[in-house]
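# Structure at a glance
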Amino acid sequence: MLGARAWLCCSLLLPRAGRGLSVSRRGSSSRDKDRSVTVSSSVSMPAGGKGSRSNCSQSTPQKVPNRLINEKSPYLQQHAYNPVDWYPWGQEAFDKARKENKPIFLSVGYSTCHWCHMMEEESFQNEEIGRLLNEDFISVKVDREERPDVDKVYMTFVQATSSGGGWPMSVWLTPNLQPFVGGTYFPPEDGLTRVGFRTVLLRIREQWKQNKNTLLENSQHVTTALLARSEISMGDRQLPPSAATMNSRCFQQLDEGYDEEYGGFAEAPKFPTPVILNFLFSYWLSHRLTQDGSRAQQMALHTLKMMANGGIRDHVGQGFHRYSTDRQWHVPHFEKMLYDQGQLVVAYSQAYQITGDEFYSDVAKGILQYVARHLSHRSGGFYSAEDADSPPERGMRPKEGAFYVWTVKEVQQLLSEPVLGASEPLTSGQLLMKHYGLTEAGNISPSQDPKGELQGQNVLTVRYSLELTAARFGLEVEVVRTLLNTGLEKLFQARKHRPKPHLDNKMLAAWNGLMVSGYAITGAVLGTERLINYATNGAKFLKRHMFDVATGRLMRTCYAGSGGTVEHSNPPCWGFLEDYAFVVRALLDLYEASLESAWLEWALRLQDTQDRLFWDSRGGGYFCSEAELGAGLPLRLKDDQDGAEPSANSVSAHNLLRLHGFTGHKDWIDKCVCLLTAFSERMRRVPVALPEMVRALSAHQQTLKQVLILADGDPSSFLSRQLPFLNTLRRLEDRATAYVCANQACSMPVTEPSELRKLLHQ
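Quick notes on the rules
Residues numbered from 1 in each chain as written. Predicted model: local features only at pLDDT ≥ 70, side-chain atom pairs only at ≥ 80, totals over all residues. Heavy atoms only, no water. Pairing = 2+ DSSP bridges. Helix = DSSP H or I, 4+ residues; strand = E, 2+ residues; numbered from the N terminus. Axes fitted to C-alpha atoms, helices over the stretch in contact; angles between N-to-C directions. Parallel < 35°, antiparallel > 145°, perpendicular 65-115°, else oblique. Left-handed = near helix turned anticlockwise from the far one by under 90°. Contact = heavy atoms within 4.5 Å. Expected span 1.5 Å × (residues − 1). Polar contact = N/O pair within 3.5 Å; in protein donor to acceptor, adjacent residues only side chain to side chain. Disulfide = S-S within 2.5 Å. Buried < 20%, exposed > 50% of the residue type's maximum accessible area, 1.4 Å probe, protein only. Core = buried A, V, L, I, M, F, W, Y, C linked by side-chain atoms within 4.5 Å. Salt bridge = Lys/Arg side-chain N within 4 Å of Asp/Glu carboxyl O. Phe/Tyr/Trp six-rings, centres within 6.5 Å; stacked < 30°, edge-to-face > 60°.

Now for the sheet that holds strand β15 (residues 503-504). If you walk across this open sheet you meet the three strands as β11-β12-β15, and the pairing is antiparallel. Taken across any chain shown, the strands that pair with only one partner, and hence form the sheet edges, are β11 (336-337) and β15. Across two bridges, the pairing between strand β12 (residues 385-386) and β15 is antiparallel. Within the sheet, the bridge partner assigned to Glu386 lies in β15 and is Leu503.

Contact geometry of helix α20 (residues 597-614) with helix α21 (residues 648-663) gives a least axis separation of 11 Å together with a crossing angle of 125°. Judged on the interaxial angle alone, α21 and α20 are oblique. For the pair α20 and α21, the crossing hand works out as left-handed. Two secondary-structure elements touch here, α20 through Leu600, Leu604, Gln607 and Gln610 and α21 through Ser652, Asn655, Leu656, Leu659, Phe662 and Thr663.

In this model helix α12 (residues 358-374) runs 24 Å from its N-terminal to its C-terminal C-alpha over 17 residues, within 8% of the 24 Å that 1.5 Å per residue would give. Structurally, α12 contributes buried residues whose contacts are with α10 (291-309), β11, α11 (338-355), β12, α17 (509-526) and α18 (529-545). One side-chain oxygen at the N-terminal end of α12 lies 2.9 Å from the backbone nitrogen of Phe359; it belongs to Asp357.

Here we take up the state of the cysteines. What the rule picks out here adds up to two disulfides. Paired through a disulfide, Cys113 and Cys116 show a sulfur-sulfur distance of 2.3 Å. For the disulfide bridge between Cys113 and Cys116, the dihedral angle about the S-S bond is near 80°, and by the sign convention the bridge is right-handed. In this structure Cys113 comes out as buried when scored by relative accessible area, which is 0%. Here Cys741 connects covalently by a disulfide to Cys746, the sulfurs 1.9 Å from one another. Negative torsions about the S-S bond denote left-handed disulfides, and the value of about 100° found for Cys741 with Cys746 makes this one right-handed. Here the protein chain pairs its bonded cysteines, counted in sequence order, in the arrangement 1-2, 3-4. Cys250 takes part in no disulfide bond, and the closest cysteine sulfur to it belongs to Cys672, at a distance of 17 Å. Distance from the sulfur of Cys672, which forms no disulfide, to the nearest cysteine sulfur (Cys674) is 9.3 Å.

Moving on, we come to the nonpolar core. In this structure, Trp89, Tyr154, Trp172, Phe197 and Tyr348 are the most contacted members of the largest nonpolar core, which totals 180 residues. In terms of residue count, helix α19 (residues 577-594) provides more of this core than any other element does, twelve residues in total. When sequence neighbours within four positions are dropped, the list of residues in contact with Trp172 reads Ile104, Phe105, Phe137, Gln178, Pro179, Phe180, Val181, Phe186, Phe197, Val200, Leu201 and Ile204.

A word on the pattern of salt bridges. One pass over the structure, following the stated rule, counts 45 salt bridges. A salt bridge links Arg481 to Glu478, with the shortest nitrogen-to-oxygen separation between them at 3.1 Å. Of this pair, Arg481 and Glu478 both sit in helix α16 (residues 477-495), three residues apart, which is roughly one turn of that helix. Note on Glu478: relative accessible area 47%, which makes it partly exposed. Salt-bridge contacts for Arg585 lead to Glu692; the nearest nitrogen and oxygen are separated by 3.6 Å.

Here we take up the sheet that holds strand β16 (residues 506-508). Within the open sheet, the three strands sit side by side as β16-β19-β20. Their pairing is antiparallel. Strands with a single pairing partner mark the edges of an open sheet, and in this sheet they are β16 and β20 (566-567). For β16 and strand β19 (residues 557-560), the ladder comprises three bridges, and the chain directions are antiparallel. Note that in β19 the partner of Leu508 across the bridge is Thr557.

Now for the packing of aromatic side chains. Per the counting criterion, the structure on display carries 30 aromatic pairs. Ring geometry for Trp172 versus Phe186: centroids 6.0 Å apart, planes at 75°, classification edge-to-face. Here the residue Trp172 occupies a position in strand β7 (residues 169-173), and Phe186 occupies one in the loop between β8 (179-183) and α6 (197-210), the gap between them amounting to 14 residues. The exposure class of Trp172 is buried, given its relative accessible area of 0%. A relative accessible area of 0% places Phe186 in the buried class. Following the ring pairs from residue to residue traces out a cluster consisting of Trp86, Phe105, Phe124, Trp172, Phe186 and Phe197.

Scope: geometric values only; no functional claims are made or implied.
Structure, rendered in C-alpha cells:
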C-alpha cells in the first residue's frame, strides 16, 4: 500500500478481444479524498523513474503555454505550461473529438489536491506522455469545484465500475461524452504490481483502433445501467418514511461504527463530517431523557474534543485540515478547505451552546480567526482552500505539510527562555514539546509518511490536559496556559517567514454560503455583533459579485483579481443546486441572527429561482444542475449523500420547511414532502448516508415551534405581510413581547426570559 494518503482504485473496461488490465484495489471507497491507483498487468514492466518536483503554483516561463493560460481557474492555470494540448470543458473540445474521431481523455481535480500535483509532475509534464495524449486523444481538464456536475457524472461511473473514486479522476470518453474507462491517479510507468499511465494510454489507443465498436457498445450499456441505478424519484410512494424509524436506524448505524477511544466513525482515514455531528445533536435534543439521547451527545462531544486536541487542528494558526490519515486524528492531510471551516465552526458553537464549556467556543473563535486571516477577500468574500504542499525553503521542491510541521531543534531555538518556578530545570520550549508530544526523532510514523517527506518532523497534538502538564512540572494551570499560548504565538510569528502554501483564490457561491452561516450562527450563539457583521459582509459580497440581477441567477464562481478586485470568467460559470441551497440557508441564518428582513426577502427570491431551474416536477427533488448547463452529459443526477458537505437536497428540505414557516406558502411544504418521498428508498436502505435529510424528515414530522418577539409591532413589516396572523399579536406595556407559536396558533404573550424558557420546555 502506498500509505494512508493514497487510496487505490481503478476501472479499465476493455473488451476481451484485447489485452485487459486486471485491477488490484485496496483501501476505502469514500468519495471525499484524493487517492492513487494500483493496477496489475499481465506483462511485467520496469518501474519508471520519478522526476524532480516543481512548484505547482508557479508557471515555467520558458515553455509555451497551452490554451489553459486563458482560464481563470487556479487549477487549470497550474496546467497551462504542460506539454499536453489541454482544452477546457466545452464545445470546442467535443467538436474536435468528433471531427478527428478520437477518444476524450478527461482529467478532473482541484488546485489544492496533493495527488493531482503528483500526476501533473510525473505524467502531464512528461514530454513523451504529452505527445501520446496530443496524437491520439483530445485532452480535457476540469476543475471539479467549478464544474461539480461534470465531476459527479463521471465519478458516478468510476465508483460504480471500480468500488472507489477520488481525485485526480481520469476518465476516457467517446466523442459523445460516454465514459468507457475510468480510474484515479496513475503512476507514469509500470511497476511490478502497477500499470503506468503510459501503458494505459497505449492500450486504450490500441483498443480504440481495433475494437472501437465494442467499446462504444460497452459504454452505452454502462451508461444505461448507471441511468437506471442513479434515478431517484417518488415512484408509487405517496409519503416519506417514518421519522422515528429513520432516526433510530441512523443512530444505531452510527453507534455501531463509533470509535470509543478516539471518537469519529471510521478506522482511518477520518473525516470531520459535521453532518453526522449535527444529526447527533438533533437526536439528543429529541431524546434528552433517554439513554440513547445521552449516548448521541457523548459521541458528538467526544469526537469534537478529540479532533480539537489532535493534529487535524492547526494549533499554531488555527483552522482544521481536511482529514486525518490515522485513527487518532494525529497526522492530517494538510490542505485546509473553506467548507470544513464553515461547517465545523457551527458544530463547535452548538457544542458550546449545549454544554457551556468554553473549550468549544474557543475552538470556534479560532476557526473564524483563521478564516479572517487567510481565506478572506477584502470585499467580504471567502477563498476556497490552502494547499497541503509548500516548499520547506524558498526555491526547494514542495513537500506535504512543510508549512505546518516542526523539529525539536526549531522549537528549542525559538522558545529557549527558562520557566521560573518549575520543579526542575525547564524551558518554555520543553514545556510546549511535552504538552504537544514533540520528539527528537519526530512523532510521525513512517506508515503515515509514504514518501518520506516528514522524517524527523512533528505535528502538534495535545497529549495531556493542562492540569496534568501543570502537575508534571509543579506549576499553576493558568501559568501553563499562558506559557503555551505565548509559545504558540512565537511559533506563529516564525511560521510567517516560511514559504506559504498555495492559496486557491477562487470563490464559490456554495462554500461562501457555508461560511456566512458559520459566522452568523456563531455570532448569534456567542452574542458577538462583530461576527454577525462578517456574515453580513459575506452576504453583501454574494449579492454584489455572484448574483445576476437581470436573470435572478447565482454565479458559481468569481476570482480574486489584482489590487483587491474581483474577476469573473467569460462566459460566467452559473450556479448549481448546491450554490442556491447553501446560499438560501445562509440568508435564513443571517436573517435570524440580524433580523434584517432584506436577507429573508432575497432568500425567497433565490428559492423561487432554484425551483424553476432544478426542480423535478415528475420525480420530486432537485437535480444538481440545470438541464441546459449539462447538455450533452450522459446523466442528470440528484446527489444522494451527505458527506464532507451536506447534500444540496438535504439542505433544500430544511430550507423549504423554514421558508414555509416564515411565509405560510403551501407550495414549499408540498415540495418538501415530495423531496423527502423521492429519497425514501435511499433513506430506508442507508439512513447513515443521509443524516442531514433524516434531520429534515424529523423536523417535518414534528410540530415545530416558532418564537416571535415583537419589538415594534410594525404591521407593515415584511414578515407581517407574509403571515397576516402576526398582525393580531400585540406588545404588552410597550415591552419586548414573545409568543411561542405552532401551526400558526400562538401562546399567551410573555415579557420575561424565564417565562419564555418555560414555554419552550413544555
